[in-house]
Amino acid sequence: MDNKHQKEYKLIGLNIAYYRKLNGLTQMQLAERAGISRTHMSNIEAPNMPTSISMDTLLDIAEALDIPAARLLSFRDAL
């Protein structure tokens, strides 16, 4: 993976984990709702292993969390 956006991928993963926990979901439950594997979900959320994510997957996760996708891309001045 290109390191150019590594920090952003990490922050997206942290946002996903935050909203998943806020909704009381396990990684497995969210992965099933979003149509991806639990392993992929785990990799996306892992802060020590920034994983790229397709726009389709991002939108599917946002839909599964019942939130606007923009919330997953909001870094609150973390960059």
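Note that this is a predicted model, so its numbers are computed, not measured.

## What to know about unusual backbone geometry
A positive phi angle, close to 60 degrees, is found at D66, a residue other than glycine. Structurally, D66 can be placed in the loop between α4 (55–65) and α5 (69–72).

## Some details on the environment of L73
With respect to the helices, strands and loops of the structure, L73 is situated in the segment after α5. Owing to a relative accessible area of 40%, L73 belongs among the partly exposed residues under this scheme. Taking the C-alpha atoms as reference points, L73 and L11, separated by 62 residues in sequence, lie 8.0 Å from one another.

## A short note on the packing of helix α2 (residues 27–34) against α4
Their axes nearest at 8 Å, the elements α2 and α4 cross at an angle of 115 degrees. Here α2 is positioned roughly perpendicular relative to α4, judged by the angle of their axes. Classified by chirality, the crossing of α4 by α2 is right-handed. The segment α2 lies against α4, with L30, R33 and A34 engaging D60, I61, A64 and L65. Taken together, the residues that form the contact of α2 with α4 break down as five nonpolar, no polar and two charged.

Rules used in this analysis
- Residues numbered from 1 in each chain as written.
- Predicted model: local features only at pLDDT ≥ 70, side-chain atom pairs only at ≥ 80, totals over all residues.
- Heavy atoms only, no water.
- Helix = DSSP H or I, 4+ residues; strand = E, 2+ residues; numbered from the N terminus.
- Buried < 20%, exposed > 50% of the residue type's maximum accessible area, 1.4 Å probe, protein only.
- Axes fitted to C-alpha atoms, helices over the stretch in contact; angles between N-to-C directions.
- Parallel < 35°, antiparallel > 145°, perpendicular 65-115°, else oblique.
- Left-handed = near helix turned anticlockwise from the far one by under 90°.
- Contact = heavy atoms within 4.5 Å.
- Nonpolar A, V, L, I, M, F, W, Y, C, P; charged D, E, K, R; others polar.

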